[in-house]
Amino acid sequence: MKAIFVKEPKSLEIVDLPEPVVKAGEVLVRVRAAGICGSDMHIYHGTNPLAKYPRVIGHEFAGEVVAVGGGVNSPKIGDHVAVDPVTACGACYPCSIGRPNVCTKLEVFGVHRDGGMAEFVAVPSRNAHIAPKDWPFEKLVMTEPFSIAANTLSRSECTSRDLVLVMGAGPIGLTILMGAKLLGARVAVADILDSRLKVAKDLGAELAINSKNQDLEREMNKWTDGVGVPLVIDAVCIPELFAQLLRIASPAGRVAHLSFSEKPTMISSLEVTKKELAIIGSRLNCNMFPRVIDWFGKGLEPEKLVSHKFSFTEVVAAFRLIEEKPLETCKVLLTF
Ligand SMILES: [Zn+2]
Ligand SMILES: [Zn+2]
């Protein structure tokens, strides 16, 4: 079978690998679509501190079940599935309290173990989530990016009562916007690029603020009648902004983070204490695939974020496009 292989940083190629043999408890997925994520770009460039090489990349993938291992009742051969890339030990402290996405022995397909940018992948049956067969694979493959939003909104307990500020209108910020809207929240989005803010507006953002030209704190103050924003979600991940986000948050507010920056940041602990702020990290997803498939069934249209589709044989061109025209690309998919 063909697979997209990063032998070492900066070396991306399509290689022939043996088809995986399905073991007990696993299903064999014939991959039909895979998404290219910022973290795939980081693995390619050698800037993902968690990645190990050589690696078949891809943690956003969906396809059809073509074989099942011993003891597997569901899914069945022929089912269309979105694959949750998170695998966990099931025994450590976070696993024992239902938080497998921060397992001490966490392994993510496409990062710590070979991933879904291949014609076939064997995955644990519990990671393969069934979706209606009449959904295109281009929709199904968006389950993983939206699971990031679902996890953030679940961790930060977003409800219809919330006013939410999403920092960053890249693919992750936009999935959070769409998820929060589906939950009934009112959402403002900030970015420094007008083209992205236009997309956010089209997707239902009540306010789209260019934080380069506008005073974000003043705008948020106006929007909330001086109270501050109950839920601030940082999907832009610039450490210097952290202190500002704490100032923007309302008393009893929550500030959620998706940053992978190692750079320290200065914050005022008084700000946290006097407002009783909750600072929340969100990583990957904690069993959110059923919820996202439910969102898609309720009318959320993930295809709106797909800007380009390539055959997997054109993966080099797809990566080049993302690098050279970041403003023209949102979610770029590979079909298999
Ligand atoms: Zn991703
Ligand atoms: Zn564990």
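Preceding block: the structure.
A brief structural summary. (Residues numbered from 1 in each chain as written. Chains lettered and ligands numbered in written order. Predicted model: local features only at pLDDT ≥ 70, side-chain atom pairs only at ≥ 80, totals over all residues. Heavy atoms only, no water.)

Brief notes about the coordination of the zinc ion (ligand 2)
Working step 1: Ligation of the zinc ion (ligand 2) by protein atoms is provided by Cys89 (SG), Cys92 (SG), Cys95 (SG) and Cys103 (SG), these donors lying 2.3 to 2.4 Å from the ion.
Working step 2: Between the four donor atoms coordinating the zinc ion (ligand 2), the angles at the centre fall across 103 to 121 degrees, so the site counts as tetrahedral.
Working step 3: For the zinc ion (ligand 2), the single-chain donor residues occur in sequence as C-x2-C-x2-C-x7-C. Here Cys92, found in the loop between β7 (86-87) and α2 (93-96), pairs with Cys103, found in the loop between α2 and β8 (107-108); they are 11 residues apart in sequence, far enough to count as distant. Of the two residues, Cys92 and Cys103, both sit in the buried class. (Donors = N, O, S within 2.8 Å, 3.2 Å for Na, K, Ca; no water. Tetrahedral: all angles 85-135°; square planar, octahedral: opposite > 155°, others 65-115°. Helix = DSSP H or I, 4+ residues; strand = E, 2+ residues; numbered from the N terminus. Buried < 20%, exposed > 50% of the residue type's maximum accessible area, 1.4 Å probe, protein only.)

So, the environment of Ile279
Working step 1: On the secondary structure map, Ile279 appears in strand β16 (residues 278-281).
Working step 2: A C-alpha to C-alpha distance of 4.9 Å links Ile279 and Val255, two positions 24 residues apart in sequence.
Working step 3: Residue contacts for Ile279: discarding those within four places in its chain leaves Phe242, Leu246, Val255, His257 and Val272. (Contact = heavy atoms within 4.5 Å.)

So, the coordination of the zinc ion (ligand 1)
Working step 1: Distances from the zinc ion (ligand 1) to its protein donors, namely Cys37 (SG), His59 (NE2) and Glu60 (OE), fall within the range 2.2 to 2.4 Å.
Working step 2: When the donors of the zinc ion (ligand 1) are listed by position in the chain, the intervening gaps give C-x21-H-E.

Quick look at the pairing of strand β13 (residues 207-210)
Working step 1: Summarising the sheet, strand β12 (residues 186-191) and β13 pair through four bridges and their orientation is parallel. Paired with Val189 across the strands is Ala208, a residue of β13.
Working step 2: In this fold, the crossover linking β12 to β13 by way of helix α6 (residues 194-202) has right-handed handedness. (Pairing = 2+ DSSP bridges. Right-handed = clockwise from strand over helix to strand, strands pointing away.)

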